[in-house]
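Summary of structural features
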Amino acid sequence: MAKAEGMNLSAPRWVGAGMLGALLASTALSVPAIAQDAADTQQGDQPAQPAQTAPQPGQQSGAPSLAPGAQAQVAEPQGNTIRTISVAGAQRLEPQTILSYIQLRPGQEYSQAAADQALKDLYATELFGDVRISEDDGRVLIEVVENPIINRIILEGNKRLKNDKILPEIKLAPRQIYTRSKVRADVNRIIELYKRQGRFAASVEPKAVQLDQNRVDIVFEINEGPKSKVRQINIIGNEEFSDGELRGEMLTKQTGFLSFLTGNTSYDPDKLAFDQQKLRQFYLTNGYVDFRVVSAVAELTPDKEDFIITYVVEEGERYKYGDVSVDSQLRDFNSDVLTRQLTMKEGDWYNAQQVEDTIEGLSETIGAFGYAFASVDPQYDRDPEARTMAVQFVINQAPRTYVEKIEINGNTLTQDKVIRREFRLAEGDAFNSLQVRRSTNRINSLGFFQENFEIAQEPGSSDDRINLIANVEENPTGELQLSAGFSSLESFILQGSIRERNFRGRGQTVGLSLNYSRYSKSAQVSFTEPYVFDRNISFGADIYRRDFNSFNYFNNDRNNTYENSTTGFTLRAGTPLSEYLTVIGRYTLNFEDVTLGDQYFSDINGDGVQECNPLIAGRYLCDALGKRTSSILGASLVWDNLNNRIRPSRGQRIVANVDFAGLGGNVKYLRGRMNAAKYWNLGSGFIFSLQGEGGYIHALQDNNDPFTDDVRLTDRFFLGEPQMRGFDIRGIGPRVLRKRVVDGVVSQDRDQWTDDALGGRAYYMGRAEMEIPLGSGAREMGLRPSVFVDVGAVWGLTDPDVNDIYYQVDSRNEDGAPTSFSYVTSPVAPDGTANELVFVEEYVGDSPKPRVAVGVGVNWNSPFGPLRIDFSKVLVKVDGDDPKTFSFNVGTQF
């Protein structure tokens, strides 16, 4: 080694982090220092670049080759010439591997610059936590402290983001070599994940837990912090519209009392850009074509909990339409005719949304004639001085298009033919945009696939060919439903059903339902094939058993009035008459048995035979007793152009039904019913619907009794829950109330009455309902509220024979105590004594007067399944009606 002025050559010389000064201060870090480094990172350091892969031995360019071994020597050292190079402190790495990372070699001149470069090269490998180089008389010693191996990665404090969301994003992993730069980068990655969730106050503190064998556990202690909300939205420069109007157009909302319903109160940079587009769209819709957002700034409050957003806008001048016209280059369309059909006129305020709607309408019109690729381009001519905007819609020349092929993708369960038969176009047909839309609606109406399914259109093999692509995502089509309701008469009502609407992927429907309550029991098995032998003919069958128990309460005791047991089946078949019109025929055979409770029977004639006592049960019940067979032939005519049969938002459905009973059996009547529904999509998520139905039944046989209606009790119409909310089951219409008399006073306590609903021969019901959209918060919870008005009535029954009922003592014992008694209609006993009045009967409710109920309901896709809750308030009722306030039902899908 060459001598230097004033330097003791006999003393060893060390080169390390201290000698390199500031150059290596940021890299020569030991493991315990990473926590402080992470704190520095969260104060504003930029994320470190990912560490480069350490070079492999032998990759240094320009270095002499090195013989294997722990040392390298030359025979005759001279001066500052390196004689040997030794490595100390290596555990996992071989010394020769470490030497291959540097350019120092025996025989070279040793210098401070060469030592500094060696330090840089070793630290660049990110394999070492500390490195020192010393030289003593040509003997160079390199002392290293290897970076530890990562044993495991531990996350603590993360509740909002689970491990499976964080671990795939970070680069550190077990069995990798620990480096401080990787830890710093992963801290930044974790913080960025939380920022995407709107948690800008999140912080991460990494710690290293030293283990044996030079291993460490890396622990990320996460403080998630609150979700950063938008505290305030300021708008500067708006004069024509208030801050509130403009905030209403934005997706982002200010935090407020009802934030949990409106949602979108979290700060999101992407939403900030989207809201600028929403503002521009709003102003363009109102004619301000020069509007622009000068700046949009989001400032984080000092506590990092909220943001304050400030928009600076320039509204500009408001424009009107200038000349508006259509220029058609297609021979099938006359430009003048299309111009006259435009909704905008010269002099109207300019509306950019109206222009977009016109383009869409023109495109749909020309698409209906087979021009799939004919574009409509608006040409604008703005006159700043007159403040007018002239618009010319140019329909460009294009060839008539034909369907080349129809592709179906994504259906793993559903067979291709189930989807393909819903297409209103076939391969080789002329393209028609209206038929494409209809096909989309029909596929959506199946209910097998994702909501808002759309048929994609792609160019075919030539300019006049188009491919229709159905990319479906299958949804669960099995339904397991549990329903519950509460009735003031019956308490809880339970229903259960299981149904598969796409059995074996064939589009068939099979179902089983079981209902149980203190009111009724039923079981039904059903099957429907929509395309018999792949022809456009549907077939279905139902087999059922229904036990209906009518009862009442008296003195808090449950009393059966009558039980109607029906066993039967229904066969049905249908075929379409046109795209929207379908005819359905059906045949039903029922075996019915109507019985009464034992308390309604007594020995009327004194011959020991128990017969139905009209004074106890009422003549209307006694006449209904017996077994009957009903053979019913029916037909339905259905008009349906709903855009979705599961959740319609547009279109209408009208059904006319007629049933004739008398094709065999001993029941004869003619019954007609009609129901209709229409839906309007009002925009912004509001869906308004009107529904109405009504019916009438006419008996074809005479029972020759002036106090008994010719239509049997079990064939009449009944109205109430669930058809009409706000009233109990069979809570509307003709009924006989038998009121108890206590000490000569008629009780006004309904619990002391017997209430027997008799139904009617005619009914009607109407409903108006508005589905109200909520913010994303409620929408993510699956809440869909609505407000409704229900109107209806059932009436038209022959007045039954009602009486005042007296308690008559028939015999007494020697002490004068009654030993037997009976109910009679006479106020005087045969012995001349007065009978006690115990019941007063009233016939009420037989009126076509509309009953009206209003209320609110909520559909909720709860963790238990779809849940429907209704709260109702009766506004108009008739004496005898039985109101009801609350009902709910719940189900699930599989």
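These numbers come from a predicted model, not from an experiment. (Residues numbered from 1 in each chain as written. Predicted model: local features only at pLDDT ≥ 70, side-chain atom pairs only at ≥ 80, totals over all residues. Heavy atoms only, no water.)

1. Some words on the overall build of the protein chain
Heads up, the condition is: The secondary structure listing takes helices from DSSP runs of H or I that are at least 4 residues long and strands from runs of E that are at least 2 residues long, numbered from the N terminus. Exposure is judged per residue with a 1.4 Å probe applied to protein chains only, and the accessible area is read against the type maximum: over 50% gives exposed, under 20% gives buried, and values in between give partly exposed. By the convention used here, residues are in contact when the closest approach between their heavy atoms is within 4.5 Å. Here the open area of atoms and residues is found with the Shrake-Rupley method and a 1.4 Å probe, where only the protein chains shown may cover a residue.
Secondary structure summary: the protein chain contains 17 helices and 40 strands in total. Sorting the 894 residues of the protein chain into buried and exposed places 43% on the buried side. Within the protein chain, counting contacts between residues at least 6 apart in sequence, those at least 24 apart form 62% of the total. Accessible area for the protein chain stands at about 45300 Å²; split by element, carbon and sulfur atoms hold 51% of it.

2. Thoughts on the environment of Met-765
By the secondary structure assignment, Met-765 is in strand 33 (residues 762-771). For Met-765, a relative accessible area of 10% corresponds to the buried category. In sequence terms Met-765 and Val-791 are 26 residues apart; their C-alpha atoms lie 5.5 Å from each other.

3. What about the pattern of salt bridges?
Worth spelling out the cut-off: Only one rule defines a salt bridge in this text: a Lys or Arg side-chain nitrogen within 4 Å of an Asp or Glu carboxyl oxygen.
In this structure the tally under the stated criterion is 37 salt bridges. The partner of Glu-771 in a salt bridge is Arg-784, and the shortest N-O contact between them spans 3.5 Å. Here Arg-784 lies in strand 34 (residues 783-795) and Glu-771 lies in strand 33, a separation of 13 residues in the sequence. Sharing partners across several salt bridges, the network here consists of Glu-422, Arg-424, Arg-438, Arg-442 and Glu-579.

4. With respect to a nonpolar patch on the surface
Heads up, the rule is: Like charges are joined within 9 Å and nonpolar side chains (Val, Leu, Ile, Met, Phe, Trp, Tyr) within 5 Å, but only among residues with over 30% relative accessible area and no salt bridge; these make up the patches.
Side chains of Leu-633, Val-658, Phe-660, Leu-663, Leu-670 and Leu-700 sit close together on the surface and give an oily, nonpolar patch of about 490 Å² of accessible area. Position of Leu-663 among the secondary structure elements: in strand 27 (residues 651-665). On the basis of relative accessible area, Leu-663 is assigned to the partly exposed category, the value being 49%.

5. Let's talk about the packing of aromatic side chains
Selection rule: Pairing of aromatic side chains here covers Phe, Tyr and the six-membered ring of Trp, requires ring centres within 6.5 Å, and sorts the geometry by plane angle: under 30 degrees stacked, over 60 edge-to-face, intermediate tilted. In this analysis the charged atom, NZ for Lys or CZ for Arg, is taken to sit over a ring once it is within 6 Å of the ring centre and within 35 degrees of the ring normal.
Applying the stated criterion to the full structure yields 17 aromatic pairs. Pairing Phe-333 with Tyr-371 gives two aromatic rings, centres 6.3 Å apart and planes at 65 degrees, and the pair type is edge-to-face. You can see Phe-333 sitting in the loop between strand 11 (320-328) and helix 11 (335-340) and its partner Tyr-371 sitting in the loop between helix 12 (352-367) and strand 12 (376-383), a full 38 residues away along the chain. The two residues Phe-333 and Tyr-371 agree in class, both being buried. Members of the aromatic cluster, each reached through a chain of ring pairs, are Phe-241, Phe-282, Tyr-283, Tyr-288 and Phe-291. For the cation-ring pair, Arg-318 lies above Trp-349, with the distance from its terminal atom to the ring centre recorded as 3.9 Å. One Lys or Arg, Lys-739, reaches over the ring of Trp-753 and ends 4.5 Å from the middle of that ring.

6. Remarks on the sheet that holds strand 16 (residues 465-471)
For clarity, the cut-off: When DSSP finds at least two bridges between two strands, those strands are taken to pair. In this analysis an axis means a line fitted to C-alpha atoms, helices contributing only their contacting stretch, and an angle means the value between N-to-C directions, from 0 to 180 degrees.
Spatially, the three strands line up as an open sheet ordered 14-16-15, and their pairing is mixed. Each having just a single partner strand, strand 14 (402-409) and strand 15 (456-459) make up the two edges of the open sheet. The sheet shows a mean angle of 25 degrees between the axes of neighbouring strands, taken without regard to direction. Pairing analysis gives seven bridges linking strand 14 to strand 16, with the strands arranged parallel. Bridging from a neighbouring strand, Asn-409 pairs with Asn-471 of strand 16.

7. Things to note about helix 7 (residues 180-196)
Convention followed: Helix span, expected: 1.5 Å multiplied by one less than the number of residues in the helix.
The first and last C-alpha atoms of helix 7 sit 25 Å apart over 17 residues, in line with the 24 Å expected at 1.5 Å per residue. Residues of helix 7 that are buried include every one of Arg-180, Ser-181, Val-183, Ala-185, Asp-186, Val-187, Asn-188, Ile-190, Ile-191, Leu-193 and Tyr-194, and no others. Among the residues trailing helix 7, Gly-198 stands out with phi positive, at a value near 85 degrees.

8. Focus on the pairing of strand 16
With five of seven residues buried, strand 16 lies mostly within the body of the structure. Pairing geometry for strand 15 and strand 16, over four bridges, is antiparallel. Paired with Pro-459 across the two strands is Ile-466, which belongs to strand 16. Hairpin connection between strand 15 and strand 16: a loop of five residues separates the two successive antiparallel strands.

9. Quick look at unusual backbone geometry
Here Asp-137, not a glycine, exhibits a phi torsion of approximately 55 degrees, which is positive. Relative to the helices and strands, Asp-137 is located in the loop between strand 3 (128-136) and strand 4 (139-146). The backbone phi angle of Asp-743 is positive, close to 55 degrees, even though this residue is not glycine. Among the structural elements, Asp-743 can be located in the loop between strand 30 (735-742) and strand 31 (745-746). With a relative accessible area of 78%, Asp-743 lands in the exposed category.

10. A look at the nonpolar core
Burial of nonpolar side chains together is a common tendency in soluble globular proteins. The line we're drawing: Here, the term nonpolar core denotes a set of buried Ala, Val, Leu, Ile, Met, Phe, Trp, Tyr and Cys residues that are joined through side-chain atoms within 4.5 Å.
Counting residues in each nonpolar core, the largest one holds 25 residues, and the members touching the most others are Tyr-350, Ile-366 and Phe-393. Mapped by element, the contributors of at least two residues to this core are strand 11, helix 12 and strand 13 (388-395). Here the element with the most residues in this core is helix 12; it accounts for five residues. One finds Tyr-101, Ala-115, Val-140 and Ile-142 within the second-largest nonpolar core, a separate group that totals 21 residues.

11. What about the sheet that holds strand 6 (residues 203-211)?
Read from one edge to the other, the open sheet built from three strands follows the order 5-7-6, with strand pairing classed as mixed. Single-partner strands in this sheet number two, and they are strand 5 (149-156) and strand 6. The mean angle between the axes of side-by-side strands here comes to 20 degrees, regardless of whether they run parallel or antiparallel. Where strand 5 lies against strand 7 (residues 215-223), seven bridges are found, and the strand directions are parallel. Looking at strand 7, one finds that Ile-149 is bridged to Arg-215. Strand contacts of helix 7: strand 6 and strand 7, with the helix running at about 30 degrees to strand 7, the strand carrying the most contacts.

12. With respect to the side chain of Asn-147
Defined as follows: For this analysis, a polar contact is any N or O atom pair within 3.5 Å, provided that within protein one partner can donate a hydrogen and the other can accept it, and provided that sequence-adjacent residues contribute only side-chain to side-chain pairs.
Of note, Asn-147 is situated in the loop between strand 4 and strand 5. By relative accessible area, which is 5% here, Asn-147 ends up buried. Polar side-chain contacts of Asn-147 include one of 3.2 Å to the backbone nitrogen of Gly-129. For Asn-147, the residues in contact, after removing those within four places along its chain, are Arg-92, Glu-126, Leu-127, Phe-128, Gly-129, Ile-177, Tyr-178, Thr-179 and Asn-214.

13. Digging into the side chain of Arg-438
Along the chain, the position of Arg-438 falls in helix 14 (residues 433-446). A polar side-chain atom of Arg-438 sits 2.7 Å from a polar atom in the side chain of Glu-579. Setting aside its immediate chain neighbours within four residues, Arg-438 contacts Arg-424, Glu-579, Tyr-580, Asp-640, Asn-641 and Leu-642.

14. A few points about helix 14
For helix 14, built from 14 residues, the straight-helix expectation of 20 Å at 1.5 Å per residue is met to within 8% by its first-to-last C-alpha distance of 20 Å. Summarising burial for helix 14: eleven of the 14 residues are buried, a large majority. Residues Ser-433, Val-436, Arg-438, Ser-439, Thr-440, Asn-441, Arg-442, Ile-443, Asn-444, Ser-445 and Leu-446 constitute the buried set of helix 14. The N-capping residue of helix 14, defined by a side-chain oxygen 2.9 Å from the backbone nitrogen of Leu-434, is Asn-432. Positive phi shows up at Gly-447, right after helix 14, with a value of about 75 degrees.

15. Here we look at a positive patch on the surface
To keep it simple, the criterion reads: Here the positive residues are Lys and Arg and the negative ones are Asp and Glu; neither His nor the chain ends is included. Charge positions are represented by NZ for Lys, CZ for Arg, CG for Asp and CD for Glu.
The grouping of Lys-159, Arg-160, Lys-162 and Lys-227 at the surface amounts to a positive patch. Along the chain, Lys-159 falls in the loop between strand 5 and helix 6 (163-166).

16. Structural notes on the environment of Asp-332
Structurally, Asp-332 is set in the loop between strand 11 and helix 11. Separated by 34 residues in sequence, Asp-332 and Ile-366 place their C-alpha atoms 8.8 Å apart. In this structure, Asp-332 is in contact with Tyr-371 and Arg-400, ignoring residues within four places of it in sequence.

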